Structures are given as C-alpha cells and as structure tokens.
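Report on the structure
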Amino acid sequence: MPTPTSFLSALTGSFATPAAENPTVAMIERAYRHHGIDARYLNCDVSSQRLGEAVRGARAMGWAGFNCSIPHKIAVLEHLDDIAPSAAIIGAVNCVVIRDGRLIGENTDGQGFLASLRTVIRPAGQRLVLFGAGGAARAIAVETALAGARSITVVNRDPAAGEELATLIATRTRAAATYARWDRAFPIPADTDIIVNATPIGLFPDTAAHLDLNTDSLRPGLVVADVIPNPPRTHLIRDAEARGCVTLDGLGMLVNQGVLSIKLWTGVQVDPGPMREALKEVFER
Ligand code: NDP
C-alpha cells in the first residue's frame, strides 16, 4: 500500500458492461474512506471484445485488482495466471488479484454468502435446499459444499441446468446433491436446515414476485437466505420472519463480497457496517 504522503493511490475497480448502474463502487469507496485506505475503485464499462486489453492495462498500470461482472466472469479465465481452487470448480471468477504482476482469479460470490451464513449457523453437516442453478447458485453450492455441508437439493425450473449443478457438486465435492423438479409450490422437507433463494425472484422492480414454495413448510429455526440485495426485505424474507425462521438478506452477501475483495487487494479487514449503509443509501434513492 502507498504511504499516506504518497500521491500514488492503489487502483481497483470493476470491468463489466453495462456498468453505469453497478453500485459496488459506492460501497467499496465508503470502506476506503472509513478506514483511511489510500485506494480508488473505478467502474469501467468494458466490452467483451476489449476485455483482454483492459486486463493487460490493469496489469501494466499496477492495479491491485478488479472485480468482473456480467458478461466477463467466465471470459476472464483465459487472461489469468492462476485460479483459486473453489473458483476453478465454480468455473467463474468475479475478483482478480494482481500480485507481483501475476493475475489470480477468485470467486467471492459464494464466499460472501458463506460469511453471512456463518453469522447464524456452521455450514458443516447441514442440509440445504437451493432454488436456482445459475451463477449465484453455483457459487453458493460449491462454497457451502466445500465448507462441509452434508447435502444440497437443487430446485430449478430448467431440469438440465438443475441436474448439471447437482452433478457438479456430487462429483467435485464431498456433499451429496440431487436435483428436484420445481413444478408446484415446493414443500421444504422437514429435515432441511437451510434454504436459499438464488434466483432473481424479488429483485427490483418486480418486488411483488413470490418464490413458489409452500410457506406452511417453513418451520421456526430454519435458516432462510435470499441473494436479492434490492430490496433486502423480499417476500421470502418477510414470510420466513413471520414463521419464526432465522433470515439472511442479500445485502449482507453483497457487503461480505466487498469485504473479501478489499482484504484480497489491500490486506485490510474492513468493517462491513459503513458499506451496508452506503448500499442502503443507493437503493433507497
Ligand atoms: P443467472 O441468470 O445465472 O441464473 C438465474 C437462475 O434463476 C436460473 O437458475 C434460472 O432458472 C432462475 N430463474 C430466473 N427467473 C426465474 C423465475 N421467474 N422463476 C424461477 N426461476 C427463475 O443469474 P445469477 O445466478 O447470476 O443471479 C441470480 C440472482 O442473484 C440475481 O438477482 C442477482 O442479483 C443475485 N446475486 C446476488 C448477489 C449478492 O451478492 N447478493 C451476488 C450475485 C448474484 P432456469 O435455469 O430455469 O432459467
């Protein structure tokens, strides 16, 4: 890190397209200011055709690292020198660290989720029901399985995607995994410990959307997590609260990803509080 008297700030940022509406910058820069970290975070609109140039530019300019978002999370793999073990299984990278000119790919999507989960339950030995089989679901499934989850039931509209994720978990981790059809209000099996919504259901502006599950099967003490950061109090979270479940919102997962990225780039363990406030301010505008 530069010394306080240096005029050379550490550079970090995000490569995505579209990029203008990505609020991560507000959250990360709030943390930098709060902790007096001499670093910047720049939102960069990078097209697929220019991703390689952008990555080489970041290396040439001595960036500390960058996030990758849509559509670069898989495409960036070919530009990296190394990839963290869980990111390799997930098959996608959303955070690149540049150390001594070497680019290392990490995936903080699932790790951010895991950090939230650990505030309420130990993942080891737990049984999960996971709604969705896209990028977020994949990252969550891999990280919870590597953290020792006993089983994961993947519930997804498209059977092919659901079965592919269940097979990935069953073959690449020690967790048991099965696919379950989602053709009715899904009843949560009585021995479930944790359920996760990893679909976009509930995301602004379609905030009235309901995850199709049997709400009578939500029992007190069940951990119910939602990936939706905006608004954080989704229908699922409110239904779960009303039934005495332990809830985790998607804002926590997003903030924890930022905490992990900053630690990887600067070595500083930052306070998530101001970051959560910064995001809430953006979403409430
Ligand atoms: P993907 O497009 O990769 O996957 C979407 C998944 O949701 C698919 O499994 C899809 O099912 C399912 N799905 C979509 N619409 C519906 C619907 N109407 N009914 C049932 N299933 C549906 O998206 P991501 O995994 O990248 O993102 C999912 C959500 O996670 C987004 O809303 C994103 O905002 C959020 N997210 C939050 C993060 C956080 O830090 N809080 C981090 C990353 C993502 P099918 O296969 O049948 O099409």
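Residues numbered from 1 in each chain as written. Predicted model: local features only at pLDDT ≥ 70, side-chain atom pairs only at ≥ 80, totals over all residues. Heavy atoms only, no water.

The subject of this paragraph is the overall build of the chain. Secondary structure assignment for the chain yields 9 helices and 12 strands. For a compact globule of 285 residues, the expected C-alpha radius of gyration is about 19 Å, and the chain comes in at 19 Å, within 12% of that figure. The buried share among the 285 residues of the chain stands at 51%. For the chain, contacts bridging at least 24 residues in sequence account for 68% of all contacts bridging at least 6. Total accessible area on the chain stands at roughly 13100 Å², and carbon and sulfur atoms take up 53% of it. Taking the average place of the 27 positive charges on the side chains of the chain and the average place of its 29 negative ones, the gap between the two points comes to 4 Å. (Helix = DSSP H or I, 4+ residues; strand = E, 2+ residues; numbered from the N terminus. Rg over C-alpha atoms; globule rule 2.2 N^0.38 Å. Buried < 20%, exposed > 50% of the residue type's maximum accessible area, 1.4 Å probe, protein only. Contact = heavy atoms within 4.5 Å. Areas by Shrake-Rupley, 256 points an atom, 1.4 Å probe, with all protein chains shown as cover. Lys, Arg positive; Asp, Glu negative; His and termini not counted. Charge placed at Lys NZ, Arg CZ, Asp CG, Glu CD.)

On to the sheet that holds strand β4 (residues 82-83). Judged by pairing direction, the sheet is mixed, and its 6 strands sit side by side in the order β2-β1-β3-β5-β6-β4 without closing on themselves. Lying at the two open borders of the sheet, with one neighbouring strand each, are β2 (39-45) and β4. Here strand β1 (residues 10-16) pairs with β2 via 7 bridges, running parallel. Looking across to β2, one finds that glycine 13 is bridged to leucine 42. Across the sheet, helix α2 (residues 51-60) touches β1, β3 (65-68), β5 (95-99) and β6 (102-106), and the angle it forms with β1 is around 175°. (Pairing = 2+ DSSP bridges. Axes fitted to C-alpha atoms, helices over the stretch in contact; angles between N-to-C directions.)

With respect to burial, strand β7 (residues 127-131) is a largely interior element, 4 of its 5 residues being buried. Bridge count between β7 and strand β8 (residues 151-156): 5 bridges; the pairing is parallel. Bridge pairing in β8 links leucine 128 to isoleucine 152. Remark: the β7/helix α5 (residues 135-146)/β8 crossover connection has right-handed handedness. Examined bridge by bridge, β7 and strand β10 (residues 194-197) share 4 bridges and lie parallel to one another. Directly across from phenylalanine 131, in β10, lies its bridge partner asparagine 197. (Right-handed = clockwise from strand over helix to strand, strands pointing away.)

In total, this model carries 5 aromatic pairs according to the counting rule given. Geometrically, the ring pair formed by tyrosine 41 and tryptophan 265 is tilted, given 6.0 Å between the ring centres and 40° between the ring planes. Note that tyrosine 41 is positioned in strand β2 and tryptophan 265 in helix α8 (residues 250-266), a separation of 224 residues in sequence. Residue tyrosine 41 shares its accessibility class with tryptophan 265, and that shared class is buried. Each member of the aromatic cluster is reached from another via a ring pair, and the members are Phe15, Trp63 and Phe66. (Phe/Tyr/Trp six-rings, centres within 6.5 Å; stacked < 30°, edge-to-face > 60°.)

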